[in-house]
Amino acid sequence: MDMDRPDLKRSKNSGGFLRRAVQAFLCLALSAATGISTFSAQEIASQSTGQTSPLRYEIWVELDNARKMLRARENIVWQNTTRDAVPDMLFHLYWNAFKNEKSTVLQESRQGSNLRSIQTKEGEWGWIDVVSLKLADGRDLLPTREFVIRDEPIHEEDQTVMRIVFPEPVKPGENVSLRLEFESKVPRTMLRSGYYQDSYFIGQWFPKPGVYQEGKGWNCHEYHLSSEFFADFANFKVHITVPEDFVVGSSGKLTSVSKDEAQNKATYTYEQSRIHDFAWTASPNFIKVERDFIADREVTPKEYEDTARMLGLALEEVKLPNVKMTLLIQKQHKGQVDRHFKALRMAIKYYGLWYGPYPYETATMVDPPYRTDSGGMEYPTLFTAGTSYFPTKDVLSPEGVIIHEFGHGYWYGLTANNEFEEAWLDEGINTYSTGKVMAKAYGPGAMGFVFNGIPLNWFIPFPKNYDYEQNRATAINIVEYDPVITPSWKFYSDASYGLNVYMRAATCLVTLERLLGQETMARVMRTFQMRFRFKHPTSEDFFTVVNEVTGKQMNWFFRELFLDTLNFDYGIASLRSVERQKHVRGVFDFEGKKEEMTEKKIKELEEKESSDKGGKGAKSGDQGKTYITSLTLRRFGEAKVGKEAPLKVLVVFEDGTEESRLWDGQARWIKMDLEKPVKARYAVVDPETVWLIDSNLANNSYSLKAVKRGVWHLAAKLLFGVQNFLQSVSGLM
Ligand SMILES: [Zn+2]
């Protein structure tokens, strides 16, 4: 149990909270009596500043550290930008997932096939209660409240989606202004939100409307164990009140701080436009370090030129802005400050150059408080990394996590796909991008192995690999469970979810890159990012961009690899080189007669031919001989290459010469004969390993000299890591 020790400071805070609560109650009672909204004119004015967005939030939240509670007011202005008259609104109340064992998350967790099972102890539950919900004119909407459960299978008592009904529908173009009050019990960390002792990570904490989709209504899924989030872009202004000695980190930019010395409290105001979520953290144990990303110092003129050329853009379009970087790090990790900043600089640089300039002023990375289990998670302009043990040089941690989570600022943050329904669009694309940035910035790294808390890498020099190799090794054996594009809560298991949407999707994207070439792929990714910034792209949108940029029909690629459970495996079934017989046995018609060619006659003929060439024993024994090399290729898997992307087959002969052929790969097998004056040494299908997603690379090569069989040992080399990697999947979102 993680019970708080009641000390003097906390009891003072608790008293303060009570006094404030009484004041708030009086204020509310007064406003109810007079019909005056609790939303002051000043507050309304502050809402209207900044960039106009169809959705605006202003939230005042106070953390009661002693009771692990949040008390908050929340004003929401939502504009109906569709052509529908909207009668209701659906809200996410995520923390009710941690309320009791009837919640969808807890039910899914108890099914047992999940890696991410949730353990709850007495007193550690979390919940959120909306205690007041009115229109700005005071009309009470709370009586219309109901909890909505739509996703199959139905978990009837889940309370993570709330519906309210408006007195009259919101017409197209109209605004609706809502005034909410809510209180929440902070859970002992579950799914990355919560507390440990007096450290907090506060994510998915406020009532958040779903996304209204024209003609379809509200897209607002329950909180599922294996799913992330979906929300509209909004302007946020959030006032966070915490005990004075707490260090706060948050989405957005800090715009004011006020201290209440008498009550030992401080209020931090953060603002940010055009983000779709808002998270914050508070702990007395953070060290806060700030540094600047100065673009002109980080990127050389040549790098700008090369990038512009690769992407076919003007130089100005690839120029990067400066970014204010903040690190909140645990005291015991302060020796790793430079490692954290270097990784973040590399991420801002390469994501910026390749996918588009980072559009926000701040990037905050959080080394989450000890045992809050909040590491490896993305939120707009803020993310959590995590470094749990003294890192070793060869293992690129925390670098990989920092680069991955910052990268989500692009894939999820800016291209805000529906993470419930198509998680590969953020996780798969971002895992692919992480691999590219890691390779560029650091080269290969060793996988980290931990046994009983001890990093084995201290004692054993594990081989180094690139991300794409590690991803492939873990992604190839899960194909039969689910297609990559599957709603998150409908995957067979948490492992299938993780391996499909992260590793398999990323491996497919590396395959696509090898198929299209680096430059074309770079243009695909850039186009997709820039076209769908501040929008909600779907898989279909990604496919369309691929077709458009390549000028080809690539739908087959996605049909085979993303929308179905087809194993991709081409290989060589046999290879044989046999001398072609010049003289063959049997009866032949010769000058009107039947004549039999016998073995004796053949021998005589051969001896004659040999002596004509200058005698026996000459080294030119093979001269004049012809060998037929017979090759059988097989499609072992169900997945097929596109007809316009035939497989290459390379045959290498004993004299070092090479021959290559193409196979359209549509049939189950094909046999080919090649005639050469020498025997074959070996053959390889897909010699450049374009098809990284091929589940068995060992059968891609076939050597007549047995020793050489199996050019690639990658799978075997990494087998040891698979189990460890499966576990780490659940720790890296
Ligand atoms: Zn991720």
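Everything discussed here concerns the structure shown above.
Positions within a chain are numbered from 1, following the residues in the order the chain's sequence is written. Predicted model: local features are reported for residues with pLDDT of at least 70 only, side-chain atom pairs are reported and counted for 80 or more only, and whole-chain, interface and lining totals are derived from all residues. Only hydrogens and water are removed before side-chain values are computed, so all heavy atoms of the structure are retained for them.

**Q** What am I meant to see in the sheet that holds strand β30 (residues 627-635) here?
**A** Remark on secondary structure: sheet strands pair via backbone hydrogen bonds, oriented parallel or antiparallel. Strand order in the open sheet formed by three strands is β27-β30-β33, and the pairing between neighbours is antiparallel. Looking along the sheet, the strands with just one partner apiece sit at the ends: β27 (570-579) and β33 (669-676). Strand-to-strand, the axes of this sheet are offset by a mean angle of 15°, without reference to chain direction. The criterion for strand pairing is that DSSP finds at least two bridges linking the strands in question. Numbering of helices and strands runs from the N terminus; a helix is a DSSP stretch of H or I covering at least four residues, while a strand is a stretch of E covering at least two. The pairing of β30 with β33 spans eight bridges and is classified as antiparallel. Looking at β33, one finds that serine 630 is bridged to aspartate 673. Between N-to-C directions, angles cover 0 to 180 degrees, with each direction set by a line fitted to C-alpha atoms, over the stretch in contact for helices.

**Q** Which parts of the structure should I look at to understand helix α8 (residues 399-407)?
**A** Three- or four-residue spacings in an α-helix give side chains the same orientation, since the helix completes a turn every 3.6 residues. Summarising burial for α8: nine of the nine residues are buried, a large majority. For α8, the full list of buried residues reads Glu399, Gly400, Val401, Ile402, Ile403, His404, Glu405, Phe406 and Gly407. Of the surrounding secondary structure, the elements contacted by the buried residues of α8 are α7 (337-355), β20 (362-366), β21 (377-379), β22 (382-384), α9 (424-442) and α11 (494-516). A simple rule labels every residue: compare its accessible area, found with a 1.4 Å probe on the protein chains alone, to the largest value its type can have, and call it buried under 20%, exposed over 50%, or partly exposed in between. In this analysis, two residues are considered to be in contact whenever any of their non-hydrogen atoms come within 4.5 Å of each other.

**Q** Even after reading the chapter, I still don't get the pairing of strand β15 (residues 253-260), so can you show me in this structure?
**A** Sheet faces and side chains relate simply in a regular strand, where the side chains alternate between the two faces. In this sheet, strand β16 (residues 265-275) lies alongside β15 in antiparallel orientation, the contact comprising seven bridges. The residue bridging aspartate 260 from the neighbouring strand is lysine 265, located in β16.

**Q** Please clarify how the nonpolar core should be interpreted in this entry.
**A** Side chains of a nonpolar character, in soluble globular proteins, are inclined to be buried together. Of all hydrophobic cores here, the largest spans 183 residues; its most connected members are Leu178, Trp205, Trp280, Trp424, Phe542 and Phe562. The contact partners of tryptophan 424, leaving out residues within four places of it in the chain, are Ile429, Val484, Ile485, Val501, Ala505, Leu509, Ser539, Phe542, Phe543 and Phe562. Grouping buried Ala, Val, Leu, Ile, Met, Phe, Trp, Tyr and Cys residues that are joined through side-chain atoms within 4.5 Å yields what is termed a nonpolar core.

**Q** Help me understand the sheet that holds strand β6 (residues 161-170) in this model?
**A** Across the sheet, which stays open at both edges, the four strands sit in the order β5-β6-β3-β10 with antiparallel pairing between neighbours. Every other strand in the sheet has two partners, leaving β5 (146-147) and β10 (208-209) as the edge strands with one partner each. By the bridge criterion, two bridges tie strand β3 (residues 86-92) to β10 in an arrangement that is antiparallel. Looking at the pairing, phenylalanine 91 lines up with proline 209 of β10.

**Q** For this particular structure, what's the right way to read the side chain of threonine 364?
**A** Structurally, threonine 364 is set in strand β20. Each residue touching threonine 364, except ones within four places of it in the same chain, is listed here: Ser250, Thr326, Thr381, Leu382 and Phe383.

**Q** What am I meant to see in the packing of aromatic side chains here?
**A** Ring pairs (aromatic) are described by centroid distance and by the angle formed between their planes. Classification of ring pairs rests on two measures: the distance between centres of Phe, Tyr or Trp rings, Trp counted by its six-membered ring, which must be within 6.5 Å, and the angle between planes, read as stacked under 30 degrees, edge-to-face over 60 and tilted in between. What the rule picks out here adds up to 48 aromatic pairs. Residues tyrosine 358 and tyrosine 410 carry aromatic rings whose centres are separated by 6.4 Å and whose planes lie at 35° to one another, so their mutual orientation is tilted. Taken together, the residues tyrosine 358 in the loop between α7 and β20 and tyrosine 410 in the loop between α8 and α9 connect sequence positions 52 residues apart. Across the pair, tyrosine 410 and tyrosine 358 agree in class, each one buried. Across from the ring centre of tryptophan 60, 4.3 Å away, lies the NZ or CZ of arginine 73, which sits over that ring. Placement of a positive charge over a ring is assigned whenever Lys NZ or Arg CZ falls within 6 Å of the ring centre and within 35 degrees of the normal to the ring plane.

**Q** Sorry if this is basic, but what is going on with the packing of α9 against helix α12 (residues 518-531) here?
**A** Packed helices, taken two at a time, are described by the angle their axes make and the gap between the axes. Their axes nearest at 13 Å, the elements α9 and α12 cross at an angle of 135°. It follows from the interaxial angle that α9 and α12 lie oblique. Along this stretch, α9 crosses α12, giving a crossing that reads as left-handed. Of α12, the residues touching α9 (which contributes Leu425, Ile429, Tyr432 and Lys436) are Gln518, Met521, Met525 and Phe528. Each residue gets one of three labels, nonpolar for Ala, Val, Leu, Ile, Met, Phe, Trp, Tyr, Cys and Pro, charged for Asp, Glu, Lys and Arg, and polar for the others, Gly among them. Tallied by class, the residues present in the contact of α9 with α12 amount to six nonpolar, one polar and one charged. Angular relationships are summarised with four words: roughly parallel below 35 degrees, roughly antiparallel beyond 145, roughly perpendicular across 65 to 115, and oblique for the angles in between. Left-handed describes a crossing whose near helix is turned anticlockwise from the far helix through less than a right angle; right-handed describes the clockwise counterpart.

**Q** Got a minute to help me understand the pattern of salt bridges in this structure?
**A** Pairs can form between side chains of opposite charge whenever their charged atoms are close. Here a salt bridge means any side-chain nitrogen of Lys or Arg lying within 4 Å of a carboxyl oxygen belonging to Asp or Glu. In total, this model carries 32 salt bridges according to the counting rule given. In this structure, the salt-bridge partner of arginine 291 is aspartate 338, at a minimum N-O distance of 3.0 Å. Residue arginine 291 is found in strand β18 (residues 286-293), and its partner aspartate 338 is found in helix α7; the two are separated by 47 residues along the sequence. The partner of glutamate 303 in a salt bridge is lysine 349, with the nearest N and O atoms 2.9 Å apart. A residue pair is termed long-range when its members are at least 10 positions apart, and glutamate 303 in helix α5 (residues 301-311) and lysine 349 in helix α7 qualify at 46 residues. Under the relative-accessibility criterion, lysine 349 is labelled buried at 6%. Salt bridges here are not isolated pairs; linked through shared partners, they connect Asp88, Glu146 and Arg163.

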